[in-house]
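Structural overview for review
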Amino acid sequence: MSINILVVDDEEVIRKSFILALDGTGYNVETAESGVKGIKRAQEINFDLIFLDLRMPGLDSVETLRGLWEVGQTVPIYITTAFYDDFLARLQKAAEDGISFYLLKKPVDGDEIRSIAQVQAQHRIRFSR
Amino acid sequence: MRVISKTQKQPITELMPAQQQIGDLEESELEQKRIINRPMTEAEDLYRKMIEFSPDGIITVDMKGVIRSCNTAETTMLGYSKDELVGNHFSKLGVMRLMDFPKYMSLFTSALKGEITKPLELTFYRKDGTPILIDVRINLLNISGNTILQATSRDITERKRAEHDMRERIKELDCLGGIASIAAGPHITLNEMYQKVVNLLPKSWQYPEIACARVTLGEKEFKTDNFNATAWKQSADINMENRKEGTVEVYYLKARPELDEGPFLKEERQLINTVGGMLGSLAERKQMEDLFKVLTLNSPVGIYIIQKGRFQFANPQFQKDTGYSENELLGMDSLSLVIPEDREVVRENAVRMLKGERSAPYEYMVNTRGGDIKRIFEIVSSTQYRGTRATLGYFLDITEQRKMELQLVRTEKMSALGTMAAGVAHELLNPMTGMLNFAQYCLKRTARDDPRYSALQDIERETKRCADIVSNLTTFSRVENQGEERYQKESLATIIERVVRLLSYRIKQEQVSLSHHVAEGTPKIWMVVNSMQQVLLNLTSNDLDALIGSPKKEIHIEVHRKGGFVHLVITDSGCGIAHENLEKIYDPFFTTKPIGEGTGLGLSTVRSIINSHGGNITCESKLGVGTTFKILLPVEAKGGVG
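How each quantity is defined
- Residues numbered from 1 in each chain as written.
- Chains lettered and ligands numbered in written order.
- Predicted model: local features only at pLDDT ≥ 70, side-chain atom pairs only at ≥ 80, totals over all residues.
- Heavy atoms only, no water.
- Helix = DSSP H or I, 4+ residues; strand = E, 2+ residues; numbered from the N terminus.
- Buried < 20%, exposed > 50% of the residue type's maximum accessible area, 1.4 Å probe, protein only.
- Contact = heavy atoms within 4.5 Å.
- Areas by Shrake-Rupley, 256 points an atom, 1.4 Å probe, with all protein chains shown as cover.
- Pairing = 2+ DSSP bridges.
- Axes fitted to C-alpha atoms, helices over the stretch in contact; angles between N-to-C directions.
- Salt bridge = Lys/Arg side-chain N within 4 Å of Asp/Glu carboxyl O.
- Phe/Tyr/Trp six-rings, centres within 6.5 Å; stacked < 30°, edge-to-face > 60°.
- Lys NZ or Arg CZ within 6 Å of the ring centre and 35° of its normal.
- Buried area = accessible area lost by both parts, 1.4 Å probe.
- Polar contact = N/O pair within 3.5 Å; in protein donor to acceptor, adjacent residues only side chain to side chain.
- Lys, Arg positive; Asp, Glu negative; His and termini not counted.
- 1 Å grid on protein atoms, 1.4 Å probe; cavity = no way out; pocket = protein on both sides within 12 Å on 5 of 7 lines; lining within 4 Å.
- Points joined across faces, edges and corners; volume = space filled by probe spheres on them.
- Parallel < 35°, antiparallel > 145°, perpendicular 65-115°, else oblique.
- Left-handed = near helix turned anticlockwise from the far one by under 90°.
- Nonpolar A, V, L, I, M, F, W, Y, C, P; charged D, E, K, R; others polar.

A few points about the overall build of chain B
When its secondary structure is counted, chain B shows 19 helices and 21 strands. Going through the 642 residues of chain B one by one, you find that 44% of them count as buried. Taking the contacts inside chain B whose residues are at least 6 apart along the sequence as the reference set, 56% of them involve residues at least 24 apart. For chain B, the exposed area adds up to about 35300 Å²; of that, 54% sits on carbon and sulfur atoms.

Section: the sheet that holds strand β3 (residues 49-53) of chain A
All names here are of chain A. Reading across the sheet, the 5 strands line up as β2-β1-β3-β4-β5 and stay open at both edges, with parallel pairing between neighbours. Strand pairing shows two members of the sheet lacking a second neighbour, β2 (28-32) and β5 (102-105), which therefore form its edges. For this sheet, the mean inter-axis angle between neighbouring strands, taken without regard to orientation, is 25°. Judged from the 4 bridges that link them, strand β4 (residues 77-81) and β5 form a sheet pairing that is parallel. Residue Thr80 lies in a different strand from β5, and its bridge partner there is Leu104. Against the sheet, helix α3 (residues 61-70) touches β3 and β4, its axis set at about 155° to β3.

A look at the pattern of salt bridges
Residue and element names in this part refer to chain B. Counting across every chain of the model gives 50 salt bridges over all chains. Here Glu121 makes a salt bridge to Lys160, at a shortest N to O gap of 3.3 Å. With Glu121 in strand β3 (residues 120-125) and Lys160 in helix α8 (residues 157-183), this pair connects stretches of sequence that are 39 residues apart. A salt bridge links Glu163 to Lys160; the nearest nitrogen and oxygen atoms lie 3.4 Å apart.

Quick look at the packing of aromatic side chains
In the structure shown here, the tally under the stated rule is 15 aromatic pairs over all chains. Relative to B:Phe318, the ring of B:Phe311 lies with its centre 5.3 Å away and its plane at 55°, an arrangement referred to as tilted. Among the residues examined, B:Phe311 registers a relative accessible area of 2% and is labelled buried. The exposure class of B:Phe318 is buried, given its relative accessible area of 1%. An aromatic cluster is present here, built from A:Phe18, A:Phe51, A:Tyr78 and A:Tyr102 joined pairwise through their rings. The ring of B:Phe438 carries the charged tip of A:Lys16 above its face, separated from the ring centre by 5.7 Å. Sitting above the plane of the B:Tyr207 ring, B:Arg256 keeps its charged end 5.0 Å from the centroid.

A short note on the interface of chain B and chain A
Interface extent is often summarised as the accessible area lost during association of the parts. Chain B puts 22 residues into the contact, and the matching count from chain A is 24 residues. Between chain B and chain A, roughly 2200 Å² of surface is buried when both sides are summed, and carbon and sulfur atoms account for 55% of that area. The interface formed by chain B and chain A includes 8 residue pairs in polar contact (both at pLDDT 80 or more). When residues of the side of chain B that touches chain A are traced back to their parent elements, those giving at least two are α14 (399-444) and α15 (451-478) of chain B. With 13 residues, the single largest contributor to the side of chain B that touches chain A is α14(B).

Description of the side chain of A:Gln73
All names here are of chain A. Tracing the backbone through its elements, the reader meets Gln73 in the loop between α3 and β4. Assessed through its relative accessible area of 6%, Gln73 is described here as buried. Here the side chain of Gln73 touches Ala42 through a polar contact of 3.3 Å, landing on its backbone oxygen.

With respect to helix α19 (residues 602-612) of chain B
Residues and elements named next belong to chain B. Most of α19 is tucked away, with 8 of its 11 residues classed as buried. Taken residue by residue, α19 has Leu603, Ser604, Thr605, Val606, Ser608, Ile609, Ile610 and Ser612 as its buried positions. Note on α19: the residue one or two positions beyond its end, Gly614, has a positive phi of about 75°.

Remarks on the side chain of B:Glu268
All names here are of chain B. Relative to the helices and strands, Glu268 resides in helix α10 (residues 266-298). Salt bridges are absent for the buried Glu268, whose nearest opposite-charge side chain, Lys171, sits at 4.3 Å. Engagement of the side chain of Glu268 in a polar contact is seen with the backbone nitrogen of Gln206, the distance being 2.8 Å. Within polar-contact distance, the side chain of Glu268 engages the backbone nitrogen of Leu265 at 2.9 Å. The residues touching Glu268, leaving out its near neighbours within four places in the chain, are Glu168, Lys171, Trp205, Gln206, Gln234 and Tyr252.

Side note on empty space enclosed by the protein
All names here are of chain B. With the rule as written, the count across this model stands at 2 cavities of 30 Å³ or more. Its boundaries defined by the atoms lining it, the largest cavity holds a volume of some 70 Å³. What lines the largest cavity is simply Ile59, Val61, Glu74, Phe90, Tyr104, Phe124, Val136, Leu149, Ala151 and Ser153. Counting only elements with at least two residues in the lining of the largest cavity, the list comes to β1 (57-62) and β5 (146-155).

Side note on the packing of helix α16 (residues 492-509) of chain B against helix α17 (residues 529-547) of chain B
Residue and element names in this part refer to chain B. Two elements in contact, α16 and α17, have axes separated by 9 Å at closest approach and are oriented at 40°. Of the possible angle classes, the one that applies to α16 and α17 is oblique. Considering how the two elements wind past one another, α16 and α17 form a crossing that is right-handed. Across from Leu492, Ile495, Ile496, Arg498, Val499, Leu502, Leu503, Arg506 and Ile507 in α16, the residues of α17 making contact are Val529, Met532, Gln533, Leu536, Leu537, Thr540, Ser541, Leu544 and Asp545. Class assignment for the residues of the contact of α16 with α17 results in 12 nonpolar, 3 polar and 3 charged.

Thoughts on the sheet that holds β1(B)
Residue and element names in this part refer to chain B. As summarised here, the arrangement of the 5 strands in space is β2-β1-β5-β4-β3, forming an open sheet in which the pairing is antiparallel. Of all strands in the sheet, those bounded by a partner on one side alone are β2 (67-70) and β3. Going from strand to strand, the sheet's axes swing by 35° on average, the running direction of each strand aside. Packing against the sheet, helix α7 (residues 101-112) makes contact with β3, β4 (131-143) and β5, and its axis sits at approximately 25° to β4. Taken strand by strand, α8 contacts β3, β4 and β5, and its axis lies near 130° from that of β4.

In structure tokens:
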């Protein structure tokens, strides 16, 4: 069963990595190079899974996360990061505010991406608000 | 005078008392003698001259008491002219004190009996009334049947005064010398000194048998055994730093004739003043000495004094720092402590500082008695010691301090390195994610028998290895900022079992015997489980690496509680760590493994984690025998936060 996946990352190499990793899986992958564009796209299409880069110029991951939450997203959001100490307090605050997300440690391996997508394709996980 | 005219050959006879002495002899007799004993005249002349020029006063008196002749010295001594004396009755002149007559008469009587008389000390009055002390000897001369008394007298007033002065001076010197030698006693206390001085004082006063003394100093009082405060007192102040601090007093227990100051002599006034001054300065000196002793004895800084390049004094701290005893140091060449390559610089700096050209302390290395090298921080100044120029040195061992400073610099460097590493890691992880996925994408679309397939596998594997290294870097920087929330109470036994399971394949393959023992009652401790797992994983992996090629392959992990800490001890029987490398093992990037097999971050990560848990890690190692890591972790603290 096909699902829609959004990858928000300012670096093209990461966006391309996700596209290549998911190539041939039949899942529909869309990318956005900024948080603003990602939120806008999420309002236009119903995504089943979102990957979000922690560190981005403009809106960063936590702001984007809140933005996505505000536009009604309930799908799993994976934040990819090398380390998140700088963001820890704000991420904790977001979690306390009831916003659900996962952390995904970089470098993200193709198998990891595919297995996450596969799980979501099978279970269609949605968070309650 | 008759003779004079008749003896022309003797032109100065007029002045000759000898002639006068015999002037009353029968002229005829004299004349007769002269004729008969012509050769005697020269001797006679000599005799007369001797009498006239004698420094002693010589006077002749007949048995009736009339002065018959006298020499010049006699007239000078008594202040009368010859005319006033000769022909007058001796007693009527009032030269002799009435009270002295009995003494004089007894002497005279003895002389008459032909006894040899002793000289007599008498007080005479000169014509002007001043008393003089004279020493008189009398002889009876029999000249042609007439007995004449000849008195030889000498003015001993000056001599007596000198004798008196001398006696006083000797007493004074005895007293002051006594005080000085009391004060010079090597271990004498101030109280002992005062008591001894008090006992010494009476001896130096004119009537020692009835003298007593007292020294009062603030609250303290020192007295002779016979002390009694009477009305006959002489006292002086004891001053210290120009302030009166006490008194020294001498009393007579009985009345004595009035002298210069009551019954006391002016010399005694001088003496007691001097004693007062001396006691004051001795007390001052003693206090300074005591202060010096206390200051140097308890000083945390080494203090020494050198003269002519040799130690004259060294305080306990200096002895402790150098390892030499006082006896070994005294007389030792001061530069012999300095390591040879620093000697010239030390000499130069010290000289410049003594000349006032340099004020900043200087540093150098010394060789201690035990062979250790210590870093010293020093100041010297010029001073006087036992009356001679000396150099006073303040000597501070800064070896430990310097080591800590270096460690701090190293820690700061590492912290900077951590920050940098995190930045680099972040920058590298994105491209690596790309590389990894690109390689995997290609791999999927390449047939297994395609020769490019294995090359792509290589790219994938090597990229993963790069990513691992970079991840380690982030771990290293991250542990320093861990939040407390991630701490939980966990047993080390659980962690050890997990790690052993993880490594079981390698342990089996390399035929290593791994044992572990967790003592009963070892409590769970607060830890970040993943971090603690990493600690054990890193240490055990290191052990496994160390055992490669080792004939004995054993690892033992021991855990037990000791006080507020849990001890975790990991021992291997591997190749050991060279002594020179022991200090560097925690440095990031330090590794002894072949390039490509270790990132060097293992132990620095371990230490970061242990430190962030409020613990401590130490390492002991012997080449060829093995290595032991000892880790202390607090039972109660939730990590080293704050």
